[in-house]
Amino acid sequence: MDSALFEDISPSKDGGVLKTITRHGNNDSGMPSSGCKVHVHYVGRLENGENFDSSRDRGKLFSFSLGDNTVIKGWEIGVATMHKNEICELKIAPEYGYGEKGFPPKIPEKATLIFEIELVSWDEEEVTSDKGVTKRILKEGDSLNKPNLDASVKVHLRGSYKGRLFDERDVEFVIGDGYEVDIIDGIELALCKMKRHEKARVFINAKYAFKEKGSEKFDIPPNADAIEYEVCLFNFEKAKELYEMDYDQKLEKAQVLKERALKCIKVEEYAKANEQYTRILKFVTINKEDSDYKRGLPFKIAATSNAAFCYLKLGDFHNACIKSEKVLKLDSKNVKGYFRLGEANIGLREYEKAIKAFEDLLKIEPDNTAAKKQINYCRQLLKKQVEKEKKLYGIQRKNGST
């Protein structure tokens with residue numbers, strides 16, 4: 001083995017990991033980074049030429065996640081320098097392999113190892129469990145901390161779609177309020193998994209990008225997948241976590257979230273508003289026996305009621321019904337709770353239940369004209385429903401159906 005053909009790729013240039021490429025890969029593919037799951041074939045041998053392990057002999061790819069420390073250090077270093085379809089040889093000194101003890105009986109003590117490795121493919125680091133957002137680290141960050149929800153961040157980003165650059169800028173925003181400066185959900189989710197000064201390429205599908213609306217500003221069509229962003233996290237300031245707050249601070253936070261949700265509603269971002277209402281409930285949830293229960297109750301009622309409103313706007317009548325019923329458990333005389341319960345049941349075509357909800361409302365507010373109109377409307381719908389069912393039943397009887 002000609003050592004002149006090998007490049008020292010060990011971080012400290014101590015000769016601990018030497019590499020030579022025997023087949024060049026696809027340089028355009030980039031290289032895998034920490035968090036990526038890589039799939040390789042390999043043959044391992046000792047310096048005397050004796051093979052001690054081979055995925056090729058087993059006929060099965062070997063897979064592992066970079067950065068998880070599940071393989072020897074020499075592999076972590078070497079595979080991270082490879083391109084897709086590349087084949088290389090790594091010469092790994094004991095301190096980057098199995099150390100002084102080796103790995104008996106196959107690997108003797110203080111053994112230098114030679115690995116032929118082919119990088120077949122890799123999966124990007126998963127940001128979301130459904131793989132709707134993945135990322136590849138281009139430059140490692142230099143801190144252990146990462147931003148959290150409500151953190152203030154300063155970033156540089158470059159967005160592209162089908163090779164077309166549509167957005168490039170420096171921007172500062174609060175994670176959770178990104179929509180105010182045209183930051184999509186996928187970017188916010190990815191930032192929560194990035195370190196300070198980290199640079200990453202983020203791959204985002206429509207669900208976490210511009211959704212069914214697309215973007216007129218960026219000329220992105222509806223339901224556009226394969227949105228890519230290159231993101232550099234310059235700096236951030238973390239927000240306090242729930243467990244770090246006393247109850248006064250939690251109520252202050254609930255108020256901030258309430259105002260944020262109302263902003264979302266004004267721009268018809270109902271799903272995002274509901275995220276805020278869900279968070280409010282986490283901040284104010286407390287046992288009835290607690291002395292602070294009454295202080296948090298108005299937030300709890302408002303958040304649940306407004307969540308019902310958002311579900312109505314989203315056409316999710318089932319959840320709108322559930323939220324409305326929860327409001328009435330918290331406050332049996334809540335007019336909005338009854339009204340939204342009635343609207344939800346109209347959406348579910350449960351017209352009799354809807355009528356009852358509006359009638360219960362009138363017991364509290366006898367002069368509520370909107371409720372009276374809805375009752376009349378429900379009765380008309382109920383009449384049509386009954387007539388339709390009679391007609392259908394008549395047809396069935398005529399055809400001899402039972």
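Above this text is the structure in question.
These notes cover the structure that comes with them. Nothing here was measured: the structure is a model prediction, and the numbers come from that model.

## With respect to empty space enclosed by the protein
So, point 1. Scanning the model with the defined rule gives one cavity of 30 Å³ or more in all.
So, point 2. Put simply, the largest cavity is a space of about 30 Å³.
So, point 3. Lys258, Tyr277, Ile280, Phe299, Ala302, Ala303 and Asn306 together form the lining of the largest cavity.
So, point 4. Those elements that provide at least two residues to the lining of the largest cavity are α5 (270-284) and α6 (293-314).

## So, the state of the cysteines
So, point 1. What the rule picks out here adds up to zero disulfides.
So, point 2. Cysteine 232 takes part in no disulfide bond, and the closest cysteine sulfur, belonging to cysteine 192, lies 16 Å away.
So, point 3. Judged by relative accessible area, cysteine 232 falls into the buried class, the value being 18%.
So, point 4. Free cysteine: cysteine 264, not disulfide-bonded; nearest cysteine sulfur from cysteine 310 at 8.5 Å.

## Things to note about unusual backbone geometry
So, point 1. That bond from proline 104 to proline 105 is cis: its omega, 5°, falls within 30 degrees of zero.
So, point 2. Tracing the sequence through the fold places proline 105 in the loop between β6 (87-92) and β7 (113-123).
So, point 3. Phi is positive for aspartate 182, which is not a glycine, with a value near 60°.
So, point 4. Among the structural elements, aspartate 182 can be located in the loop between β11 (164-174) and α3 (185-191).
So, point 5. Exposure remark for aspartate 182: the relative accessible area of 31% places this residue in the partly exposed category.
So, point 6. With phi around 55°, lysine 211 is a residue other than glycine that occupies positive phi space.
So, point 7. For lysine 211, the location among the structural elements is in the loop between β12 (199-204) and β13 (227-237).
So, point 8. Accessibility expressed as a relative area gives 32% for lysine 211, which makes it partly exposed.

## A few points about the sheet that holds β13
Strands pair in a sheet through their backbones, by hydrogen bonds, and they do so in one of two ways: parallel or antiparallel.
So, point 1. Strands sit in the order β8-β9-β12-β13-β10-β11 across an open sheet of six strands; the sheet is antiparallel. The sheet terminates laterally at β8 (125-126) and β11, the two strands that pair on one side only.
So, point 2. Inspection of the sheet shows strand β10 (residues 152-161) paired to β11 by ten bridges, in the antiparallel sense. Bridge pairing in β11 links serine 160 to leucine 165.

## Points about the pattern of salt bridges
So, point 1. Per the counting criterion, the structure on display carries 29 salt bridges.
So, point 2. Notably, a salt bridge pairs glutamate 126 with lysine 131, separated by 3.9 Å at the nearest N-O pair.
So, point 3. Here glutamate 126 falls in the partly exposed class, since its relative accessible area comes to 40%.
So, point 4. Owing to a relative accessible area of 52%, lysine 131 belongs among the exposed residues under this scheme.
So, point 5. Between aspartate 150 and arginine 260 there is a salt bridge whose closest N-O contact spans 2.6 Å. Here aspartate 150 is found in the loop between β9 (133-139) and β10, whereas its partner arginine 260 is found in helix α4 (residues 247-266), with 110 residues between them in sequence.
So, point 6. Note on aspartate 150: relative accessible area 9%, which makes it buried.
So, point 7. Exposure remark for arginine 260: the relative accessible area of 7% places this residue in the buried category.

## Describing the layout of surface pockets
So, point 1. In this structure, the largest pocket spans a volume of roughly 710 Å³.
So, point 2. If you go around the largest pocket, you meet 22 residues; those closest to its centre are Tyr179, Phe210, Lys211, Lys213 and Glu269.
So, point 3. Of the residues that constitute the lining of the largest pocket, the class distribution is ten nonpolar, two polar and ten charged.
So, point 4. In this structure, the second largest pocket is lined by 14 residues; those nearest its centre are Asp185, Glu188, Leu189, Lys272 and Glu275.
So, point 5. Those elements giving two or more residues to the lining of the second largest pocket turn out to be α3 and α5.

Cut-offs applied
Residues numbered from 1 in each chain as written. Predicted model: local features only at pLDDT ≥ 70, side-chain atom pairs only at ≥ 80, totals over all residues. Heavy atoms only, no water. 1 Å grid on protein atoms, 1.4 Å probe; cavity = no way out; pocket = protein on both sides within 12 Å on 5 of 7 lines; lining within 4 Å. Points joined across faces, edges and corners; volume = space filled by probe spheres on them. Helix = DSSP H or I, 4+ residues; strand = E, 2+ residues; numbered from the N terminus. Disulfide = S-S within 2.5 Å. Buried < 20%, exposed > 50% of the residue type's maximum accessible area, 1.4 Å probe, protein only. Pairing = 2+ DSSP bridges. Salt bridge = Lys/Arg side-chain N within 4 Å of Asp/Glu carboxyl O. Nonpolar A, V, L, I, M, F, W, Y, C, P; charged D, E, K, R; others polar.

The values reported here are purely geometric and, on their own, carry no functional implication.
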